[in-house]
Amino acid sequence: MDYPEIDRYLNNAKEILSTKAQKDGSEYKDIKYVQMASGTAYNAALMIADEYLKKREGAKFVKPKSIEDYRNRLRKYNKTLLSYLNEAYDTLHLAGYYHGTPSVRTIKEGLDATRKMLAILH
(Lines give C-alpha, C1' and ligand atoms only; values in the text may rest on other atoms or scores of the structure.)
Protein backbone atom coordinates (compact mmCIF):
# COMPACT_ATOMS: atom_id res chain seq x y z
CA MET A 1 0.00 0.00 0.00
CA ASP A 2 1.28 3.46 -0.87
CA TYR A 3 1.16 6.49 1.39
CA PRO A 4 1.99 9.43 -0.89
CA GLU A 5 1.31 12.10 1.75
CA ILE A 6 3.62 10.44 4.28
CA ASP A 7 6.30 10.03 1.59
CA ARG A 8 5.88 13.70 0.70
CA TYR A 9 6.47 14.79 4.30
CA LEU A 10 9.58 12.61 4.63
CA ASN A 11 10.95 13.79 1.29
CA ASN A 12 10.32 17.44 2.26
CA ALA A 13 12.19 16.92 5.54
CA LYS A 14 15.16 15.36 3.74
CA GLU A 15 15.19 18.13 1.15
CA ILE A 16 15.14 20.87 3.81
CA LEU A 17 18.05 19.23 5.61
CA SER A 18 20.11 18.68 2.47
CA THR A 19 19.51 22.08 0.82
CA LYS A 20 19.01 24.54 3.68
CA ALA A 21 20.28 23.28 7.05
CA GLN A 22 23.93 23.59 5.96
CA LYS A 23 25.48 20.35 7.18
CA ASP A 24 29.03 20.95 8.38
CA GLY A 25 30.62 17.67 9.44
CA SER A 26 28.57 16.24 12.30
CA GLU A 27 26.46 19.36 12.85
CA TYR A 28 23.95 21.52 11.03
CA LYS A 29 24.64 25.26 10.97
CA ASP A 30 21.12 26.64 10.40
CA ILE A 31 18.94 25.53 13.32
CA LYS A 32 15.78 27.12 11.90
CA TYR A 33 15.79 24.59 9.07
CA VAL A 34 16.67 21.70 11.38
CA GLN A 35 13.60 22.61 13.42
CA MET A 36 11.45 22.87 10.29
CA ALA A 37 12.64 19.51 8.93
CA SER A 38 12.31 17.83 12.33
CA GLY A 39 8.74 19.03 12.73
CA THR A 40 7.85 17.84 9.24
CA ALA A 41 9.40 14.40 9.80
CA TYR A 42 7.71 14.06 13.19
CA ASN A 43 4.36 14.83 11.58
CA ALA A 44 5.07 11.96 9.16
CA ALA A 45 5.66 9.68 12.16
CA LEU A 46 2.29 10.69 13.63
CA MET A 47 0.60 10.11 10.27
CA ILE A 48 2.10 6.61 10.19
CA ALA A 49 0.81 5.91 13.70
CA ASP A 50 -2.62 7.19 12.65
CA GLU A 51 -2.70 4.87 9.62
CA TYR A 52 -1.69 1.92 11.77
CA LEU A 53 -4.36 2.69 14.36
CA LYS A 54 -6.99 3.13 11.61
CA LYS A 55 -6.18 -0.37 10.37
CA ARG A 56 -6.37 -1.85 13.86
CA GLU A 57 -9.38 0.03 15.21
CA GLY A 58 -11.44 0.41 12.05
CA ALA A 59 -14.66 2.38 12.52
CA LYS A 60 -13.81 3.00 16.20
CA PHE A 61 -10.70 5.02 15.26
CA VAL A 62 -10.51 8.54 16.65
CA LYS A 63 -7.33 10.55 16.13
CA PRO A 64 -5.23 10.53 19.32
CA LYS A 65 -5.08 13.87 21.13
CA SER A 66 -1.64 13.52 22.76
CA ILE A 67 1.59 11.54 22.66
CA GLU A 68 0.34 9.67 25.75
CA ASP A 69 -2.80 8.68 23.86
CA TYR A 70 -0.65 7.37 20.97
CA ARG A 71 1.55 5.48 23.42
CA ASN A 72 -1.35 3.88 25.30
CA ARG A 73 -3.08 2.74 22.14
CA LEU A 74 0.03 1.49 20.33
CA ARG A 75 1.14 -0.38 23.46
CA LYS A 76 -1.93 -2.62 23.00
CA TYR A 77 -1.11 -3.53 19.40
CA ASN A 78 2.54 -3.19 18.46
CA LYS A 79 5.36 -2.51 20.92
CA THR A 80 7.93 -2.26 18.11
CA LEU A 81 5.98 0.53 16.44
CA LEU A 82 5.61 2.17 19.86
CA SER A 83 9.38 2.02 20.36
CA TYR A 84 10.01 3.71 17.00
CA LEU A 85 7.40 6.38 17.75
CA ASN A 86 9.10 7.08 21.09
CA GLU A 87 12.42 7.43 19.29
CA ALA A 88 10.91 9.81 16.73
CA TYR A 89 9.32 11.81 19.56
CA ASP A 90 12.60 12.10 21.49
CA THR A 91 14.88 12.83 18.52
CA LEU A 92 12.70 14.74 16.08
CA HIS A 93 10.06 16.41 18.23
CA LEU A 94 11.98 17.20 21.41
CA ALA A 95 15.64 17.41 20.34
CA GLY A 96 15.14 18.59 16.76
CA TYR A 97 12.02 20.73 16.83
CA TYR A 98 11.89 22.09 20.39
CA HIS A 99 15.54 22.26 21.35
CA GLY A 100 16.98 22.81 17.88
CA THR A 101 19.81 20.33 18.17
CA PRO A 102 22.54 20.80 15.58
CA SER A 103 23.42 17.07 15.77
CA VAL A 104 23.28 15.34 12.39
CA ARG A 105 23.37 11.95 14.15
CA THR A 106 20.33 12.73 16.34
CA ILE A 107 18.21 13.83 13.38
CA LYS A 108 19.34 10.83 11.32
CA GLU A 109 18.27 8.50 14.14
CA GLY A 110 14.82 10.09 14.18
CA LEU A 111 14.44 9.83 10.41
CA ASP A 112 15.57 6.19 10.53
CA ALA A 113 12.99 5.41 13.23
CA THR A 114 10.29 7.06 11.13
CA ARG A 115 11.29 5.01 8.06
CA LYS A 116 11.14 1.84 10.18
CA MET A 117 7.63 2.83 11.27
CA LEU A 118 6.64 3.19 7.61
CA ALA A 119 8.09 -0.26 6.84
CA ILE A 120 5.79 -1.74 9.51
CA LEU A 121 2.78 -0.24 7.70
CA HIS A 122 3.65 -1.92 4.39
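Our structure is the block above this text.
Residues numbered from 1 in each chain as written. Predicted model: local features only at pLDDT ≥ 70, side-chain atom pairs only at ≥ 80, totals over all residues. Heavy atoms only, no water.

Draft legend 1. Looking closely at the nonpolar core. By size, the foremost hydrophobic cluster in this structure holds 36 residues, and its most contacted members are I6, L74 and L85. Residue contributions to this core peak at 12 residues, all from helix α2 (residues 31-57). Apart from the residues within four sequence positions on either side, I6 is in contact with A44, M47, I48, E51, L118 and L121. (Core = buried A, V, L, I, M, F, W, Y, C linked by side-chain atoms within 4.5 Å. Buried < 20%, exposed > 50% of the residue type's maximum accessible area, 1.4 Å probe, protein only. Helix = DSSP H or I, 4+ residues; strand = E, 2+ residues; numbered from the N terminus. Contact = heavy atoms within 4.5 Å.)

Draft legend 2. Fine view of the packing of aromatic side chains. Under the defined criterion, the tally for this structure stands at two aromatic pairs. Seen from their ring centres, Y97 and Y98 are 5.5 Å apart, and the 65 degrees between their planes marks the pair as edge-to-face. Judged by relative accessible area, which is 52%, Y98 ranks as exposed. Sitting over the face of the ring of Y89, R71 holds its NZ or CZ atom 4.9 Å from the ring centroid. (Phe/Tyr/Trp six-rings, centres within 6.5 Å; stacked < 30°, edge-to-face > 60°. Lys NZ or Arg CZ within 6 Å of the ring centre and 35° of its normal.)

Draft legend 3. Seen up close, helix α5 (residues 104-121). Here α5 is 18 residues long and its end C-alpha atoms lie 26 Å apart, about the 26 Å a rise of 1.5 Å per residue gives. Every buried residue of α5 is accounted for by V104, T106, I107, G110, L111, A113, T114, M117, L118 and L121. (Expected span 1.5 Å × (residues − 1).)

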